[in-house]
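Descriptive analysis of the structure
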Amino acid sequence: MPAFLEEDEPNELLVAHPDQNEVQSFLAEIGTIREAGVVNVRSPFGDTSAVGCPVRDRAGHVVAAVVLAGDPDGILKRRGELSTLLENATGRWATES
């Protein structure tokens, strides 16, 4: 999840992406994503949506990510609830690891 990497890392990872317009759109939203602590994504084909959240270690470094994906209607209707569940679970993992 590039949005939750160190400040300069997303640019290094995304430079090879084939659609640089899409990259620029993502980079324009990165502050909002970091502030929210979760990211919501819809497949370009419209058949899947996802909610993702970083997993941090005790020092606060991103070490993994958890993503819930499914039917767009179900994910979008429950986006707030799913985001909260992910944030709570990953927050506990950081303190328990």
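A brief structural summary. Counting restarts for each chain, with residues numbered from 1 along the sequence as it is written. Given that the model is predicted, a residue must reach a pLDDT of at least 70 before its local features are reported, and side-chain atom pairs must reach 80 or more before they are shown or counted; all residues, however, enter totals for whole chains, interfaces and linings. As a rule here, side-chain values come from all non-hydrogen atoms in the structure, and water together with hydrogens is ignored.

Comments concerning the overall build of the protein
Helix numbering and strand numbering both begin at the N terminus, where a helix is a DSSP run of H or I of at least 4 residues and a strand a DSSP run of E of at least 2. In terms of helices and strands, the protein carries four helices and three strands. Element order for the protein, N to C, with α for helix and β for strand: α-α-β-β-β-α-α. Per-residue burial over the protein gives 27% buried out of 97 residues. Taking contacts inside the protein between residues at least 6 apart in sequence as the whole, the part at least 24 apart equals 47%. As displayed, the protein offers around 6,400 Å² of accessible surface, 53% of which is attributable to carbon and sulfur atoms. Residue burial is assigned from relative accessible area. The probe radius is 1.4 Å, only protein chains are included, and a residue is buried under 20% of its type maximum, exposed over 50%, and partly exposed in between. The contact criterion used is simple: two residues touch if any of their non-hydrogen atoms lie within 4.5 Å. Where accessible areas are quoted, they stem from the Shrake-Rupley method and a 1.4 Å probe; at the residue level, only the protein chains shown are allowed to cover.

Here we look at the sheet that holds strand S2 (residues 49–56)
By definition, the strands of a sheet pair up through backbone hydrogen bonds, in either a parallel or an antiparallel sense. What makes two strands pair is DSSP finding at least two bridges between them. In space, the three strands of this open sheet follow the order S1-S2-S3, with antiparallel pairing throughout. Taken across any chain shown, the strands that pair with only one partner, and hence form the sheet edges, are strand S1 (39–42) and strand S3 (62–70). The average undirected angle you get between the axes of adjacent strands in this sheet is 25 degrees. In terms of strand pairing, S2 meets S3 through eight bridges, oriented antiparallel. When the sheet's bridge partners are listed, Ala50 is paired in S3 with Ala69. Each axis is a line fitted through C-alpha atoms, taken for helices only over the stretch in contact, and angles between the N-to-C directions span 0 to 180 degrees.

Details of the nonpolar core
Nine residue types can take part in a nonpolar core, namely buried Ala, Val, Leu, Ile, Met, Phe, Trp, Tyr and Cys, and a core is a set of them joined through side-chain atoms within 4.5 Å. Among the nonpolar cores identified, the biggest contains six residues, and these are Val38, Val51, Cys53, Ile75, Leu82 and Leu86. At the level of secondary structure, the elements contributing two or more residues to this core comprise S2 and helix H4 (79–96). Setting aside residues no more than four positions away along its own chain, Leu86 makes contact with Val51, Gly52, Cys53, Val66 and Leu68.

A short note on the pattern of salt bridges
Salt bridge criterion: a side-chain nitrogen from Lys or Arg within 4 Å of a carboxyl oxygen from Asp or Glu. Using the criterion set out here, one finds one salt bridge in the structure. Put simply, Glu81 and Arg78 hold a salt bridge, and the shortest N to O gap is 2.9 Å. With a relative accessible area of 42%, Glu81 lands in the partly exposed category.

Examining helix H2 (residues 20–36)
Think of an α-helix as 3.6 residues a turn; residues three or four steps apart then line up on the same face. With 17 residues, H2 extends 24 Å between its outermost C-alpha atoms, agreeing within 8% with the 24 Å of an ideal straight helix rising 1.5 Å per residue. Bend, at a single residue, is the angle you get between axes fitted to the 7 residues ending at that residue and the 7 residues starting at it. When the local axis directions of H2 are compared, the greatest deviation, roughly 45 degrees, occurs at Glu29. Listed as buried for H2 are Val23, Ile30 and Ile33. The residue sitting at the N-terminus of H2 and contributing the capping side-chain oxygen is Asp19; that oxygen lies 3.1 Å from the backbone nitrogen of Asn21. Taken from the residues just after H2, Gly37 is the one with a positive phi, measuring 85 degrees. Working rule for helices: expected span equals 1.5 Å times residues minus one. Under this definition, polar contacts are N or O atom pairs within 3.5 Å; protein pairs additionally need one hydrogen-donor-capable and one acceptor-capable atom, and for neighbouring residues in sequence, both atoms have to be side-chain atoms.

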